[in-house]
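# Summary of the model geometry
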Amino acid sequence: MQYGKTIEMFLVNGDASGLVTAELSNWNGKAIKIPRTMVKECTREDITGVGVYFLFCEEDGQGAVYIGEAENVLERLNGHLRDYQAGKESYYWTTAVVFIGRDLNKALIRYLENRIWDIVNECGRMKNLTKNTYKKTILKESQVASMEEFIDNIKVLLSALNYRVLTPMPQAKDDTVYLYCHSTKGTDAKGFVSDGGFTVLKGSKVSDGVVNSFVEHGGNYYVLRSKLEEDGIISEGEFQQDYEFSAPSAASAVALGRTSNGNVDWKTNEGTRLKDL
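The notes below deal with the structure included here. Since this is a predicted model, take the numbers as computed values, not measurements. (Residues numbered from 1 in each chain as written. Predicted model: local features only at pLDDT ≥ 70, side-chain atom pairs only at ≥ 80, totals over all residues. Heavy atoms only, no water.)

The subject of this paragraph is the overall build of the protein chain. Looking only at helices and strands, the protein chain has 8 helices and 13 strands in total. Once the C-alpha set of the protein chain is aligned to its principal axes, its extents read approximately 60 × 50 × 40 Å. Here the protein chain holds 277 residues, and 45% of them are scored as buried. On the protein chain, roughly 14,900 Å² of surface is accessible, and the fraction owed to carbon and sulfur atoms is 44%. Side chains of the protein chain carry 32 positive and 38 negative charges; the gap between the two charge centres is 2 Å. (Helix = DSSP H or I, 4+ residues; strand = E, 2+ residues; numbered from the N terminus. Buried < 20%, exposed > 50% of the residue type's maximum accessible area, 1.4 Å probe, protein only. Areas by Shrake-Rupley, 256 points an atom, 1.4 Å probe, with all protein chains shown as cover. Lys, Arg positive; Asp, Glu negative; His and termini not counted. Charge placed at Lys NZ, Arg CZ, Asp CG, Glu CD.)

Right, here's the structure in full:
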């Protein structure tokens, strides 16, 4: 059973795009979201603590994340900035989200980093830029339980901050209404409305090609289809895994290879349009 949670979120500069702290009631951990542009001048004492962190960026047009751990997180973030300036780090991250806790130590943050690394890969929502993690951390059973609870709280706060990197792909339920998208050009796609938008299921077939107007005027949807093909998510005209789009129209446009109104082009088996459900 899932219980309600109380989150206290504080906009330090009065701006949601600036420095933000987030805390859960009855938890000694804390999340701190800090833009890259604020790291160098930051003097906050709490961010100098022991913790794990996420660096969010875009890599080759795809959302990407680097996961790290440090005994002084602020010092490590400044190290990333120096590494980028020196050419030792190729990706350009825009925002860091840091998680600190009073009881964390080197062994615990190594465990957290490795577990989070695994979860990011399992969820598959973002490209994982972290190459290796320390996998041989030995903890007591009670410590493992405590860190797994810490990770659950990280998931809650990341979602509240609008980062879904640790959120599993949506799964259909017993009462899920499936919708279909077909065309004479080979499109045979199946999906359902999900919390993040619209999820197209593995095995769905896309059109044999795209129309010229989609190339010229399809904008982000044409770019997205090309990117999904480049990344192998769509291969040989078929989705190789479930994929959640931000909106039904994005899903149908990619599947049909043309501009589309998803509220009309997604229909039930009986022919009821999405907008009429």
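So, on to the sheet that holds strand E4 (residues 51-59). Read from one edge of the open sheet, 7 strands run E1-E2-E3-E6-E4-E5-E7, paired in mixed fashion. Bordering the open sheet on either side are strand E1 (7-11) and strand E7 (127-128), each of which pairs with just one other strand. Note that E1 and strand E2 (residues 20-24) share 5 bridges and pair antiparallel. Of the residues in E2, the one forming a bridge with Glu8 is Glu23. Docked against the sheet, helix H2 (residues 73-85) engages strand E3 (29-35), E4, strand E5 (62-70) and strand E6 (93-101), running at close to 25 degrees with respect to E4. The sheet strands contacting helix H4 (residues 141-160) are E1, E2, E3, E4 and E6, and the helix crosses E6 at an angle near 140 degrees. (Pairing = 2+ DSSP bridges. Contact = heavy atoms within 4.5 Å. Axes fitted to C-alpha atoms, helices over the stretch in contact; angles between N-to-C directions.)

We now examine the nonpolar core. With 34 residues, the main nonpolar core has Phe54, Phe99, Ile154, Leu158 and Leu166 as its most contacted residues. Elements that contribute at least two residues to this core include exactly E2, E4, E5, E6, helix H3 (106-123) and H4. Per element, the largest residue contribution to this core is 9 residues, and it comes from H3. Apart from the residues within four sequence positions on either side, Phe54 is in contact with Val65, Tyr66, Ile67, Thr95, Ala96, Val97, Phe99, Ile116, Ile154, Leu158, Val165 and Leu166. Listed in part, the 22 residues of the second largest apolar core include Ile34, Cys42, Val73 and Ala96. (Core = buried A, V, L, I, M, F, W, Y, C linked by side-chain atoms within 4.5 Å.)

Tracing the chain through its elements places Val177 in the loop between H4 and strand E8 (179-182). The class for Val177 is partly exposed, based on a relative accessible area of 44%. Put simply, Val177 and Asn72 are 105 residues apart on the chain and 48 Å apart in space, counted from C-alpha to C-alpha.

Here we come to the sheet that holds E8. Pairing is antiparallel across the open sheet formed by 4 strands, whose spatial order is E8-E9-E10-E13. Two strands in the sheet have a free side with no partner beyond their single neighbour: E8 and strand E13 (243-245). On average, each strand axis in the sheet is tilted by 35 degrees relative to the strand beside it, whichever way the strands run.

This next bit is on the packing of aromatic side chains. Enumeration over the complete set of coordinates arrives at 12 aromatic pairs. The interplanar angle of 90 degrees and the centroid separation of 6.3 Å between the aromatic rings of Tyr178 and Phe192 together place this pair among those described as edge-to-face. Here Tyr178 is found in the loop between H4 and E8, whereas its partner Phe192 is found in strand E9 (residues 188-194), with 14 residues between them in sequence. A relative accessible area of 3% places Phe192 in the buried class. Of note, Arg36 hangs over the ring of Trp93, and the distance from its end group to the ring centre comes to 4.9 Å. Residue placement shows Arg110 over the ring face of Tyr134; its charged tip is 4.1 Å from the ring centre. (Phe/Tyr/Trp six-rings, centres within 6.5 Å; stacked < 30°, edge-to-face > 60°. Lys NZ or Arg CZ within 6 Å of the ring centre and 35° of its normal.)

Applying the stated criterion across every chain yields a total of 0 disulfides. Just so you know, Cys57 is unpaired, no disulfide at all, and the nearest cysteine sulfur is the one on Cys123, 17 Å from it. (Disulfide = S-S within 2.5 Å.)

Now for the packing of helix H6 (residues 220-230) against helix H7 (residues 248-256). Between H6 and H7, the least distance of the axes is 9 Å, while the angle of their chain directions is 65 degrees. Here H6 and H7 pass one another in a crossing that is right-handed. Contact residues: Tyr221, Leu224, Arg225 and Leu228 in H6; Ser249, Ala250, Ala253, Val254, Ala255 and Leu256 in H7. Along the lines of polarity and charge, the residues of the contact of H6 with H7 split into 8 nonpolar, 1 polar and 1 charged. (Left-handed = near helix turned anticlockwise from the far one by under 90°. Nonpolar A, V, L, I, M, F, W, Y, C, P; charged D, E, K, R; others polar.)

We now examine the pairing of E6. Sheet faces and side chains relate simply in a regular strand, where the side chains alternate between the two faces. Taken across its 9 residues, E6 has 8 buried, putting it largely inside the fold. Pairing analysis gives 7 bridges linking E3 to E6, with the strands arranged antiparallel. Residue pairing in the sheet places Ala31 in a bridge with Phe99 of E6. Pairing between E4 and E6: 7 bridges, direction antiparallel. In the sheet register, Gly51 faces E6, and the bridge partner there is Ile100.

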